[in-house]
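Structural features, examined
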Amino acid sequence: MALSRGSQITKRTKHVLARAIACGLLVISLPACGIPQRRMAEPGPPIPETFNGVTSTENSSQLGIVEFYQDPQLLNLIQFGLENNRELKILNEEVQIASNDILSRSGAYLPFMTAGPYAGLFRVSNRSIEGAAIRDDEFLPGKYFSNPYGNYLIGTNLVWKLDIYRQLRNARDAAAQRYVAAIERRNFFVTKMVADISSNYFRLMALDKRIENLDQIITFMEQSLKVARARKEAARDTELAVLRFEAEVRRNQSEKLIVYQDIVETENRINVLTYRYPRPVERNSAAFYDLYINALEVGVPAELLQNRPDIRRAERDLVAAGLSVEVARANYYPQLIIDAGVGLNAFAMSYLFMPQAVLGNVAAGFIGPLVNRRAIRAEFLASDAKQMQAIYDYQRTILEAFTDVVNRLTEVQNYSKSVALKKQQMAKLEGAVDVANQLFQFARTEYLDVLTAQRDLRDSRTALIDAKEKQLTAIVNAYQALGGGTVWSIEDRENTLIPIPITHDQLNDEDFWKLSKFHYGKGRFYKALRNSLDGIIPYPDYLNPPDPYRAPDFEATAPEEIEQSLQPTRILPDGYPVEFPAAAMPAMPPTPPPAGEPGPFSNKPEEKAPKTGEKAPKPAEEKK
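1. Quick word on the overall build of the protein
- Each helix and strand counted, the protein has 15 helices and four strands in total.
- Among the 624 residues that make up the protein, the fraction classed as buried is 43%.
- Here the contacts in the protein between residues at least 6 apart in sequence split such that 82% fall between residues at least 24 apart.
- For the protein, the exposed surface amounts to about 34300 Å²; the carbon and sulfur share of it is 57%.

Shown next, in the form of structure tokens:
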């Protein structure tokens, strides 16, 4: 009977315990029942199949800066900008900050372990239960424990928040998306900076031609002034002709000074972009009227999604915003946390290493929100609103990019036709000025005809110069609108890292090792980067992607070559290798690398790349 009754008590206890656990899980799961619904954005219009009827099989955006702009002096200016522009360096640091966020979140879903010794001194009240309990020392009968007493501990502790809802991994993936978005934001600025330097460079050529035009007109006016004075002295004409020609000479001389001021300001705009103090900008404006940059191939509108860095940036921000919503949603669910520890604990150092001093604990529990649901709801709704913003920003960016391309293409077409017509007009007016000057010298026409012909020629040349400048600027802007200006040369498109990702190709293990060394100064974090960025940078072959988890294989490339490829001596800090003829290379003073900076600026001993099947080397401080 006793056994039967004890068995019934045990069953009843288990039943009550099971019901208590079920009720507890039900209570902590109640907040998950009130999760708000995610909102749906309004769909955008489909992308047209052509740019107002214009398409081509090739795309000029695939050309590098060297292939599109073939002017060595302009390429030198762009090189200075890529090396020294401070806003670009700020964006590079934003990429570095985003990469640090990846490294931080890549281990957040792993167990958090601590280890180390602990020592303390405590005194308890003799009138408390604890104080009364420690009066008798069982190891020393008839004696009391010392009060205060010591507490010594050596052990490890583990706290693990299990990522059962992918909350932590979604946060890691969102950080990786924002890292790529920071790269694309930096790349878009590069395209804008290249376009700004180029357009101001061509504007300098146009201003030079305006000076040349004014000099020619002043020469014509001075010759006509001499003829007018001679005719006045011969009493064949009046003082009026002399005064009109003198006034026209002064007018053109005054306009030259204004153009000179425009030249100074335009040169300084280039100097600011290249981070140089005011100085003259070298250029050759002799063949400005017939200057040819490059042919424009527009491709198809769908290629904008791949070629425009601002569209790729908006896409990454959109994906990151969606992941952030999932992170906020997981706060509604109960979290499973495991806490465990093991070590040695004693009240005296002499007892610390006895077998009886071993302690250990392990506990697991679900923790769910009950009171702070307003804060969780507000965070979820804010994340959902940010996702809506990202969707509309993505749609707006695509629309603006498409419209930008159409505007630039029509500008190139219309200004090209306008330049051709204005050249014909200028040729006719040059002939009219010659005829008018000859007739005026032989008193066959009035001075007003000469004055009018010279004014018309000046205005025609000015209009031609303005139209040519707008044509060249339109070509520059069209190249940028198509997504061109991100890479230095066509060969660079084959390289995924120079030294940070500038294309949307799949990275291999060697690339991840270089990327880890660039950002963190050590290549041993390449696995964390690989796992975080895997799938975010698309595969070049969608049907047969390479295995991103294969073992590192650096035997094909010697470690010395890998280390040399990371040196900043002949690679711009912003990732553009310099390939200029020796005569075209500008003189640059050597800059010592700052101490203690990560990536290629580090002055620490170089780290060798691991071979196949070899573990990444440990740093010197860890070996100690």
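Next comes the rest of the description.
2. Let's talk about the pairing of strand β1 (residues 112–122)
- For β1, the tally of buried residues reaches only one of 11 residues, placing the bulk of the element at the surface.
- Taken together, the 11 bridges between β1 and strand β2 (residues 149–161) define a ladder with antiparallel strand orientation. The residue of β2 that forms the bridge with Thr114 is Asn157.

3. Some points on the pairing of strand β3 (residues 335–346)
- Bridge count for β2 against β3 is 10 bridges, and the pairing is antiparallel. Across the sheet, residue Tyr152 finds its bridge partner in β3, namely Ala346.
- Inspection of the sheet shows β3 paired to strand β4 (residues 358–367) by 10 bridges, in the antiparallel sense. Bridge pairing in β4 links Val342 to Gly360.

4. Overview of the packing of aromatic side chains
- Within this structure, the stated rule accounts for nine aromatic pairs.
- Ring centres 5.3 Å apart and planes at 25° place the aromatic pair Phe51 and Phe402 in the stacked group. Residue Phe51 is found in the loop between α1 (2–29) and α2 (65–68), and its partner Phe402 is found in helix α10 (residues 373–441); the two are separated by 351 residues along the sequence. No difference in accessibility class separates Phe51 from Phe402, as the two residues are buried.
- Cluster of aromatic residues (ring-pair linked, three or more members): Phe68, Tyr69 and Tyr479.
- One residue, Arg86, lies across the ring of Tyr275, its end atom 3.9 Å from the ring centre.
- For Arg276, the ring lying beneath its charged end belongs to Phe80, and the centroid distance is 5.4 Å.

5. Re the sheet that holds β3
- Read from one edge to the other, the open sheet built from four strands follows the order β1-β2-β3-β4, with strand pairing classed as antiparallel. The outermost strands of the open sheet, each flanked by one partner alone, are β1 and β4. With strand direction ignored, the average angle separating the axes of adjacent strands in the sheet is 20°.

6. A look at helix α6 (residues 167–233)
- With 67 residues, α6 ought to run about 99 Å at 1.5 Å a step, and its terminal C-alpha atoms sit 97 Å apart, in line with that.
- Taking burial as the measure, the 67 residues of α6 include 49 buried ones, the bulk of the element.
- Ala235 sits one or two positions beyond α6 and adopts a positive phi of about 60°.

7. Things to note about the nonpolar core
- Among the nonpolar cores identified, the biggest contains 62 residues, and Tyr69, Ile78, Phe202 and Ile293 are the most heavily contacted of them.
- If you list the elements that add at least two residues to this core, you get α2, α3 (72–84), α4 (86–106), α6, α7 (239–273), α10 and α11 (447–481).
- Of all the elements, α6 adds the most residues to this core, at 20 residues.
- Ignoring sequence-local partners within four residues, the contact set of Phe202 consists of Leu74, Phe288, Leu291, Ile293, Leu472 and Val476.

8. Some thoughts on the confidence of the model for the protein
- Chain-level pLDDT for the protein is 76 on average; 73% of the residues reach the 70-or-more range.
- Across the protein, element-level confidence peaks in α3 with a mean pLDDT of 92 and bottoms out in helix α14 (residues 559–565) with 40.
- Considering only residues more than four positions removed or in separate chains, one finds that residues 539–624, a stretch of pLDDT under 50, has 137 contacts.

Analysis parameters
Residues numbered from 1 in each chain as written. Predicted model: local features only at pLDDT ≥ 70, side-chain atom pairs only at ≥ 80, totals over all residues. Heavy atoms only, no water. Helix = DSSP H or I, 4+ residues; strand = E, 2+ residues; numbered from the N terminus. Buried < 20%, exposed > 50% of the residue type's maximum accessible area, 1.4 Å probe, protein only. Contact = heavy atoms within 4.5 Å. Areas by Shrake-Rupley, 256 points an atom, 1.4 Å probe, with all protein chains shown as cover. Pairing = 2+ DSSP bridges. Phe/Tyr/Trp six-rings, centres within 6.5 Å; stacked < 30°, edge-to-face > 60°. Lys NZ or Arg CZ within 6 Å of the ring centre and 35° of its normal. Axes fitted to C-alpha atoms, helices over the stretch in contact; angles between N-to-C directions. Expected span 1.5 Å × (residues − 1). Core = buried A, V, L, I, M, F, W, Y, C linked by side-chain atoms within 4.5 Å. pLDDT = per-residue confidence, 0-100.

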